[in-house]
Each structure stands twice: as C-alpha cells, then as structure tokens.
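As a plain string of letters, each chain reads:
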Amino acid sequence: VVAADEGVMPQTREHLAILDLLGVDRGIVVITKKDLVDEEMLELVSLEVADELQGTTLAGAPLQAVSAFTGEGLPELLGTIDALLDDAPEARDLGRPRLAIDRAFTIRGYGTVVTGTLLDGQLALGQEVEVLPPAFLCRIRGLQTHKKQLDIALPGTRVAVNLSDISPGDLQRGYIVTTPGWLIPTGCMDVKLRLLASGSRPLPHNAVVTFHTGAREVMARVRLLQQQKLLPGEIAWAQLVLSHPVAVVKKDRFIIRSSGETLGGGVIVDPYSPVHRRFRNEIIDTLRVREEGSSGEILESLLDTMGPMEQEKLLTLANLSPREAQETIDNMKQTGQVLSLGGRDFATMIVSVAGWRRLVARVTQVMQGYHQQFPLRRGMPREELRSRLSLTEDVFALLLLRLLKEEILSADGLMLSLSGFRPDLSQEEQIAVDAFIAELERNPFSPSSEAVLSPELLNWLVQQQRVVKVSADVIFAASAYSEMVARVTDYINSHGSVTVAQVRDLFGTSRKYALALMEHLDKQKITRRVGDERVLR
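Residue numbering note: each chain is counted from 1, following its sequence as written. Reporting in this predicted model follows two pLDDT cut-offs: at least 70 for local features of residues, and 80 or more for side-chain atom pairs to be given and counted; totals over whole chains, interfaces and linings ignore these cut-offs and use all residues. Hydrogens are left out, water is left out, and the side-chain values use all remaining heavy atoms of the structure.

Student: Account for the overall build of the protein, naming residues and giving values.
Tutor: From N to C terminus, the protein includes 15 helices and 32 strands. Oriented by its inertia axes, the alpha-carbon framework of the protein measures out at about 125 × 55 × 45 Å. With a 1.4 Å probe rolled over the protein chains alone, any residue whose accessible area is under 20% of its type maximum counts as buried; one over 50% counts as exposed, and the rest are partly exposed. Burial analysis of the protein (537 residues in total) assigns 45% to the buried set. Any two residues whose heavy atoms approach within 4.5 Å at even a single point are treated as in contact. For the protein, long-range pairs separated by at least 24 residues make up 63% of all intrachain contacts whose partners lie at least 6 apart in sequence. In summary, the charge assignment counts Lys and Arg as positive and Asp and Glu as negative, without counting His or the chain termini. For the purpose of locating charges, the reference atoms are NZ of Lys, CZ of Arg, CG of Asp and CD of Glu. Within the protein, one finds 59 positive and 69 negative side-chain charges whose respective centroids are separated by 7 Å. Strands are runs of DSSP state E lasting at least 2 residues, helices are runs of H or I lasting at least 4, and numbering of each runs from the N terminus.

Structure (structure tokens):
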C-alpha cells in the first residue's frame, strides 16, 4: 500500500524486500488517497511503484488506485482481489498441521485462545495437540475462522483455537500448535542466505542477528560456510545457531535483522544439522542436493548422511507429503536404492544402499578389532556392539536381524561374532592350557592353588566347559567336577542329606574345597542348605 501524496517510502521498500525474501509471488499494489492528487501525480507514483517492483517476486503485480474518502476504485479493487483468489493454488495439506501463535489471550467462559495462520494440515475439534517448543500437550475445545464456529479448520486459513489445560502465561508469540510426536524443535539449521542489495554493510562470519520465522523471533549467530563475510546482494550457504530452539521444517522461510534494519533472509534447507566444519566442498554438495534435488535424491541424501531412520522421521526432514514420500520410497526400493530393515507402515526403518554398506563395513571393522583384541572370547556382548555403533535400541534390533539373516554376524545367546569366527589358541597358549589342566587332574579333588593361568585363557576354558570355576580361588577340571556332583547326589539320595564335613571325607579333600563345591551347588540349585546340611532341590 502506497499513499498517492507521499509515494514510495523507506518502510515500503523494506516491506517489499521482506516479501521478496519470503518468496511471496502473489499480491496487489494499492495506491491510496487517490482523491488528494491529480492524474499526472498519480501516474508518476504508479511508475515509481512499478519500478520498485522490478526484480522482485511481485514484479508485474496488478496495481489499483483507490480513495477511501470517495469510494472511487474500491469496487474494482474487490474485483481484482476476487480474481486473484480464484486463480490462487490450493493450500497444501501434508497431514502435519502447524499454527504459529501470533496472539494468546483469555476469553471469559472459554479459557485460553490462540490465533494464527494454519499451514500444512487440518485441525479438528476435540483433537489432542502439542505446543512447541515447550512441548505442552492440550486439547482443542473450539475452532473459529472469521467468527464462524468450525469442526475442522483447513490449511491456509486464519484460525482462533480454544485450548484446554493451558494458560496464556505458558505461551509466547511464535510457539507452534501441531499434532504430537513428529515436530522436534531445533537450535541449529543449514540455510540458503541472501543479503539485501540495499544493505548498508557486509555481514561477517559469526555475526549476531535476530532470526524471524513465522511469528517467532530469537537471537542467532550466522556461521558462513564458504567465506569470511557476505556482501550486500550476495547469496551464501550458512548455518544459524539459535539462542533458543524453534519448531521449523525444511523450506520454511526466514528473515534476519540487526539494529532495526532488515539484513536479508532465505530458506531453511536442513532444520536439524550438526555444526559443520567450514570450507568443506562435500558439505556444500550435500546442501545443494537437499535444496534442488528430486524427492528421491533428497531422501537418499538424508539417509546417506543420517543412516537408518523411521520413515515418518524421514518425511519430516524432507518435508514431503505422505503420498509423495511413499511413492518415492516404493520406487527407490524397486530400483534398489534403499532397503527396508523391517517394521510396518510409517514405522518402517529404511536405509540407503550406500548407508547399509557403510554400516556393514563399520560392524565388520568393530568386530574384527574385538576378535583381535580378545581372540579367545566367543564374541562381543550385544549391548556393547550397539553402544559402539551409537544406535538406538529400535534401530539396532532391526539392523541385527538383517546382519544375522545375511550371515554377516552369528549369535550365541547375547554374544555376537563375525560369521565363521572360532576362538583359537596359539601354540604357546595351548601348551599353557595343557599344563594347567594336567596340574588340576594331578590331584583332582584338591587341585593345587599354584596352578595359575591368565584370566583370558581361564575364561576360555570355562566357556569350553573344560574346567569349572566354583569360587574365586577354587577350580576343578570338568571331569573331576562331574564326578563330584554325581557322588554328592548319590550320597544325598542314599542318606537324605550331606554335610560339608561328610563331603570333605567323601573325597579326601580339605574343608576349603568341600565348602566351595557345596556353595556352588547351592547357587546352581542342585542342592539346598538346611541348617548345617544340604538336601537336593
């Protein structure tokens, strides 16, 4: 809107620049106060406005001069608005509604009401919703658009939402009302940033600015990924590190300002990026794919970078509709670009073929290192492998199923090993083991305490069931242990019970060995202590 008696003002230019940065490409220019100027002045202002529009998203927008005082031009303006609306594309519905709160207040008898513009999905009466970033859960008690009560609010409309179980004091301008579970606030994002050509100064790396998106405003630090400073009119890849988390999705637009001046803005390419190292070509190549690639290229890039993930999370990161994403993923499965690790519907865990190969290589590397470090152990504990791979339990469980199915790994209880791996002794270790067992068998029921073996070899013998460790310092050869268990069991069957002293006499050993044996049998639930005697369980 431009006043005919004033012409284009600095604020007009700033507002136009913001519309251009936000990608708004549909609009009407209205010149007001037509009754205060003559036709020549009106023509000059119209030419000035048209000139300002050149090179922006609103270049060529319809222009209408009106007078609110006389009413001249208002019917034509209404007709222009109707025509533009008739030709407007339908608001997209991704099934993931977002309403950025621009006002929050209380209405007596109703409670908390928030207003905003609904994007990307529908809200329904009685629906449970989540307010982000605080993650408050509440329920919709009422919906209204332009004072009309609704059961369902459609995307693209201004909506007032009556929320239960929350007060206006809990809310801030810019918080997002959405459905629970899919949108996660972020504090660092990759962006394509454009500095206004009319800017008064360059933007240096690590500059502190105010970041505006939707109705949210927070402080941010700008990390330029390819240069030390950005000149007015230039476009660059950057990261924004925010002072407070915001709930955004890929392709959301933003503005940055400083000291009351609009500096520039752009589009969010990756809302959940780690802090990148600067001047890395591979990072820039990935960002270009995320920005310009096809749906398949974007999904494959996300999977290559982030590894296996649930299909629903992948849709959020790519900002695709469920239908578009499902068609793309089905096609990628058919062409062998992605693999399904299991699950069902949108809980399906998928991974790119390249990502799967890297996972297999990583698992193989970790397991080979473990087998080299502990050649006598039958494998690595399952939980240790999951921890080393830094995977969630859900992802690891599905990954493990496929690794076992493809015979990359083998499982022995909770122990995992590379398929084909067998613990093996070196010649020196075999000599030590043979000598140790011979020493145990020399006096089988009172083995010498001088028989010493490294913990690793001893554990291997226990796993191989060649020896039995009944206490910290008492070890029997497996043959001797089996004979002792059989004789103790026979004795109890014949006499009803047995004491430690009777076990000592039965084997001609000392109390140390007899007591260690019986306490071990208690733990193995072969015997049960009753006073000073043992009976069978």
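Now that the structure has been shown, the text picks up again.
Student: Mind laying out the packing of helix α5 (residues 295–306) against helix α7 (residues 322–334), listing which residues take part and the relevant values?
Tutor: Helix-helix packing is described using two parameters, namely the angle between the two axes and the distance between the axes. Direction vectors running N to C along α5 and α7 enclose 75°, while the axes themselves pass 10 Å from each other. In this view, α5 runs roughly perpendicular relative to α7, as classed from their interaxial angle. Across from Ser295, Gly296, Leu299 and Glu300 in α5, the residues of α7 making contact are Glu324, Thr328, Ile329 and Met332. In terms of residue class, the contact of α5 with α7 is built from three nonpolar, three polar and two charged. Lines are fitted to the C-alpha atoms to define the axes, a helix being fitted only along its stretch in contact, and any angle between axes, read from their N-to-C directions, falls within 0 to 180 degrees. Should an angle lie under 35 degrees it is considered roughly parallel, over 145 roughly antiparallel, and from 65 to 115 roughly perpendicular; all remaining angles are considered oblique. When residue character is reported, Ala, Val, Leu, Ile, Met, Phe, Trp, Tyr, Cys and Pro are called nonpolar, Asp, Glu, Lys and Arg charged, and the others, Gly included, polar.

Student: Got a sec to walk through the pairing of strand β5 (residues 103–107)? Specific residues and values, please.
Tutor: When DSSP finds at least two bridges between two strands, those strands are taken to pair. Judged from the five bridges that link them, β5 and strand β6 (residues 111–119) form a sheet pairing that is antiparallel. Note that in β6 the partner of Phe105 across the bridge is Val113. Turn length for the β5-β6 hairpin, with the two strands adjacent in sequence and antiparallel, is three residues, and the turn residue Gly109 shows positive phi of about 90°.

Student: Describe unusual backbone geometry, with residues and values.
Tutor: Along the chain, Leu132 connects to Pro133 via a cis peptide bond; the corresponding omega equals 10°. Positive phi outside glycine occurs at Lys251, with the angle close to 80°. As for its position among the elements, Lys251 is in the loop between β19 (235–246) and β20 (253–258).

Student: Which residues make up the pattern of salt bridges, and what are the values?
Tutor: What counts as a salt bridge is simple: a side-chain nitrogen of Lys or Arg found within 4 Å of a carboxyl oxygen of Asp or Glu. Applying the stated criterion across every chain yields a total of 25 salt bridges. Arg382 is the partner of Glu393 in a salt bridge, and the nearest nitrogen-oxygen pair spans 3.0 Å. Residue Glu393 is found in helix α10 (residues 393–405), and its partner Arg382 is found in helix α9 (residues 382–389); the two are separated by eleven residues along the sequence. What makes Arg382 partly exposed here is its relative accessible area of 21%. Of the charged contacts in the structure, one is a salt bridge between Arg442 and Glu439, with a shortest N-O distance of 2.2 Å. With Arg442 and Glu439 both in helix α11 (residues 427–442) and three residues apart, this pair spans about one turn of that helix. According to the relative accessible area criterion, Arg442 is exposed, its value standing at 59%. For Glu439, a relative accessible area of 26% translates into the label partly exposed. One continuous salt-bridge network, built from bridges that share partners, spans Arg92, Arg98, Asp120 and Asp252.

Student: Now, about the environment of Tyr513: what can you tell me, with residues and values included?
Tutor: Among the secondary structure elements, Tyr513 is positioned in helix α15 (residues 511–523). Taking the relative accessible area as the measure of exposure, Tyr513 reaches 9% and is therefore buried. C-alpha separation for the pair Tyr513 and Ile475, spaced 38 residues apart in sequence, amounts to 9.2 Å. In contact with Tyr513, other than residues within four places in its own chain, are Phe445, Ser446, Pro447, Ser449, Val474 and Phe476.

Student: Describe in detail a negative patch on the surface, supporting the description with residues and values.
Tutor: Here, patches come from residues exposed beyond 30% relative accessible area and free of salt bridges, joined within 9 Å for like charges and within 5 Å for nonpolar side chains (Val, Leu, Ile, Met, Phe, Trp, Tyr). The Shrake-Rupley method, run with a 1.4 Å probe, gives the accessible areas here. Residue values count only the displayed protein chains as cover. A surface patch of like charges, here negative, comprises Asp38, Glu39, Glu40 and Glu43. In this structure, Glu43 sits in helix α2 (residues 39–53). Accessibility expressed as a relative area gives 45% for Glu43, which makes it partly exposed.

Student: Provide a residue-level description of the sheet that holds strand β3 (residues 63–65), including the pertinent values.
Tutor: The strand order across the open sheet formed by three strands is β1-β2-β3, and the pairing between neighbours is parallel. Unpaired on one side and paired on the other, β1 (2–3) and β3 mark the two borders of the sheet. With three bridges joining them, strand β2 (residues 29–32) and β3 adopt parallel strand pairing. Across the sheet, residue Val30 finds its bridge partner in β3, namely Gln64. This element, α2, spans β1, β2 and β3 of the sheet and lies at about 150° to β2.

Student: Give a description of the pairing of strand β26 (residues 409–412) that names residues and reports values.
Tutor: Relative to strand β27 (residues 415–418), β26 is paired through four bridges, and the arrangement is antiparallel. Paired with Ser410 across the two strands is Ser417, which belongs to β27. Counting the residues between successive antiparallel strands, the hairpin from β26 to β27 contains two residues, one of them, Gly413, with a positive phi of roughly 65°.

Student: Before we move on, can you summarise the side chain of Thr328 with the specific residues and values?
Tutor: Tracing the sequence through the fold places Thr328 in helix α7. Filtering out sequence-adjacent residues up to four positions away, Thr328 remains in contact with Ser295, Gly296 and Leu299.

Student: Residues and numbers for the sheet that holds strand β24 (residues 349–352), please.
Tutor: With antiparallel pairing, three strands are arranged side by side in an open sheet as β22-β24-β23. Where the open sheet ends on each side, the last strands, each with one partner, are β22 (309–310) and β23 (338–342). As paired strands, β22 and β24 are joined by two bridges and run antiparallel to one another. Bridge assignment links Glu310 to a residue of β24, and that residue is Met349. Of the strands in this sheet, β23 and β24 touch helix α8 (residues 353–373), which is tilted by about 90° from β24. Contacts between α10 and the sheet are confined to β23 and β24, with β23 contributing the most and set at about 105° to the helix.

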